[in-house]
Amino acid sequence: MCAVTTVASQQAPDPFREIAERYVRLVLAIGQHDGDYVDAFYGPPEWRKQAESDKTALAELVTRAAALEADVVKTPLPTWKDDAELWRLRKQYLERQVAAMRARLSMLQGQKLTFDQESRALYDAVAPHQTDAQFGAIIAKLDALLPGQGSLIARYEAFKAGYIIPPDRLDKVFQAAIRACRDRTTTYIDLPRGESFTVEYVTGKSWSGYNWYQGGYKSLIQVNTDLPIYIDRALDLACHEGYPGHHVYNVLLERTLVRDRGWIEFTVYPLFSPQSLIAEGTANYGIEVAFPKEERLVYERDVLFPLAGIKGGNAKEYYQVMELVDQLSYAGNEAARRYLDGQINATQAVEWLEKFAMMPRARAEQRVKFFDQYRSYVINYNLGKDLVKTFIERRTRNDGTPRKKWTEFAALLSSPRLPSGLK
Ligand SMILES: [Zn+2]
């Protein structure tokens, strides 16, 4: 890159500046009608105050969103050559995010979409349909692995009971897992000085963990302790919510796009939007980037199991079972699809999750509450992970070293790429 070009482009007016501000203000205004919509905002505080005092009616927001979408589409990309790819992604990001915003607005006005229509409109993706027979084949393997009396779900619960982190050791185990995830992440990704997060333990939520990004490179991570927390959740949560997951994603977007370039649209994160598929997909794929299978097994066995006081546990056997259960993740989507499309009721959804997704009753009930609150958002976790994994693996086909994988992963975390851009 030529230094003169860089200076010229920095001085040129940003063709999307006004659009970006209208986008942020619209997201904040929709947040007045939809309590879960604004997941994070760290732009000018007076914009939020303005949205609160205006309380603009939905019909007016619909008009504004349509006008915004038209303006994004007709605004040409800048003609300077440096970072052309990033500018193309930015424009595509704005187009898709605003299209999803319009879909969410129509839902808030009462429009009913099927599960697949909704996930395409909000998250730019549709989860594959899987059959009972596909799940049955995985369940048969679990059945063979978990011998004993009683139903498979009862045997599974009994097996897992030996792997619960005692509540009084939870913070110690979780803090160790966070340190390990951070060490691995900072070996390959240069994080800004001062980044950090706080961990809180909460109850009464439909999710098991949540990252609330505060801006200024800080996050608040909440861990739900309503249900027993099993040993595998320590690394999963530490990677997913923290390093190299949500916390790192938000920190890198803030540094690369907001602070370095002044792209203010990234100071707001509307939850029901395609950005969520990238957020959840990278957070889940990040677990295996930081801890490839064999390394994870050794770390769990030698560090986390003793810290949690798990005696007589067998890390290899535990993760063999958990890997099979993970292959049933699309059964969760299937339950959500059938439930939200009105084919089954809440009780039947719980039964389905017990039978095909290996979720004990209390966990299945919590999951159905999640379906009620977040609907087709569920696809972002497993489909998101699969799409991100395929994308990174394609880019590392000729160089499978950890450094190359981390480099590609960090580039994705620092860019406005959306699901359709992963192709
Ligand atoms: Zn997440």
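The sections below set out a description of the structure shown in this document. Please read these numbers as outputs of a predicted model, since none were measured by experiment. (Residues numbered from 1 in each chain as written. Predicted model: local features only at pLDDT ≥ 70, side-chain atom pairs only at ≥ 80, totals over all residues. Heavy atoms only, no water.)

## Some thoughts on the packing of helix α13 (residues 293-308) against helix α14 (residues 315-326)
Helix-helix packing is described using two parameters, namely the angle between the two axes and the distance between the axes. Formally: A fitted line through C-alpha atoms serves as each axis, taken over the contacting stretch for helices, and the angle formed by two N-to-C directions is quoted from 0 to 180°. Runs of E in the DSSP output that reach at least two residues are strands. Runs of H or I that reach at least four are helices, and both are numbered from the N terminus. Should an angle fall under 35 degrees it is called roughly parallel, over 145 degrees roughly antiparallel, and 65 to 115 degrees roughly perpendicular, with every other angle called oblique. Handedness of a helix crossing follows the sense of rotation of the near helix relative to the far helix, less than a right angle counterclockwise being left-handed and clockwise being right-handed. Should any heavy atoms of two residues lie within 4.5 Å, those residues are counted as being in contact. As a working rule, the residues Ala, Val, Leu, Ile, Met, Phe, Trp, Tyr, Cys and Pro are called nonpolar, Asp, Glu, Lys and Arg charged, and the rest polar, with Gly in that last group.
Where α13 meets α14, the closest approach of the two axes is 10 Å, and the angle between their N-to-C directions is 130°. In terms of axis orientation, α13 runs oblique to α14. Where α13 crosses over α14, the handedness of that crossing is right-handed. Where α13 abuts α14, its residues Lys 293, Arg 296, Leu 297, Glu 300, Arg 301 and Phe 305 lie against Ala 315, Lys 316, Tyr 319 and Glu 323. Residues of the contact of α13 with α14, tallied by class, amount to four nonpolar, no polar and six charged.

## Some details on the environment of Glu 85
Here is the rule we go by: N or O atoms closer than or at 3.5 Å make up a polar contact, with two conditions inside protein: a donor-capable atom paired with an acceptor-capable one, and, for residues adjacent in sequence, both atoms drawn from side chains.
With respect to the secondary-structure elements, Glu 85 resides in helix α5 (residues 84-108). Of note is the side chain of Glu 85, whose polar atom sits 3.1 Å from the side chain of Arg 417.

## Regarding the pattern of salt bridges
To keep things clear, this is the line we draw: For this analysis, a salt bridge means a side-chain nitrogen from Lys or Arg found within 4 Å of a carboxyl oxygen belonging to Asp or Glu. Each residue gets one of three labels from its accessible area relative to the maximum for its type: buried under 20%, exposed over 50%, partly exposed in between, using a 1.4 Å probe on protein chains only.
All chains considered together, the criterion is met by 34 salt bridges. Arg 261 is paired through a salt bridge with Asp 83; the nearest N and O atoms lie 2.9 Å apart. Of this pair, Arg 261 sits in the loop between α11 (246-259) and β5 (268-270) while Asp 83 sits in the loop between α4 (58-74) and α5; the two residues are 178 residues apart in sequence, bridging distant segments of the chain. For Arg 261, a relative accessible area of 30% gives the class partly exposed. Among the ionic pairs, Glu 118 bridges to Arg 375, the shortest N-O distance being 2.8 Å. Taken together, the residues Glu 118 in helix α6 (residues 115-123) and Arg 375 in the loop between α17 (361-374) and α18 (379-395) connect sequence positions 257 residues apart. Using a relative accessible area of 2% as the deciding quantity, one classes Glu 118 as buried. Members of the salt-bridge network, linked through shared partners, are Asp 116, Asp 132, Glu 334, Arg 337 and Arg 338.

## What about empty space enclosed by the protein?
Filter applied, for reference: In this analysis the probe radius is 1.4 Å and the grid spacing 1 Å, with only protein atoms considered; a cavity is a set of points the probe fits into but cannot get out of, a pocket is an open set with protein on both sides within 12 Å along at least five of seven lines, and lining residues have an atom within 4 Å of a point. Grid points are joined across faces, edges and corners, and a volume is the space filled by probe spheres set on the points.
Counted according to the given criterion, the structure contains two cavities of 30 Å³ or more. Roughly 50 Å³ of internal volume is contained in the largest cavity. Forming the walls of the largest cavity are Ala 40, Tyr 42, Asn 250, Leu 253, Phe 266, Thr 267, Val 268, Tyr 269 and Gln 275. Elements represented by at least two residues in the lining of the largest cavity include exactly α11 and β5. As for the second largest cavity, its lining consists of Ile 165, Leu 170, Phe 174, Tyr 201, Val 223, Ile 229, Arg 233, Ala 234 and Leu 237. At the level of secondary structure, the elements contributing two or more residues to the lining of the second largest cavity comprise α9 (170-188) and α10 (232-242). Looking at side-chain class alone, the lining of the second largest cavity contains eight nonpolar, no polar and one charged residues.

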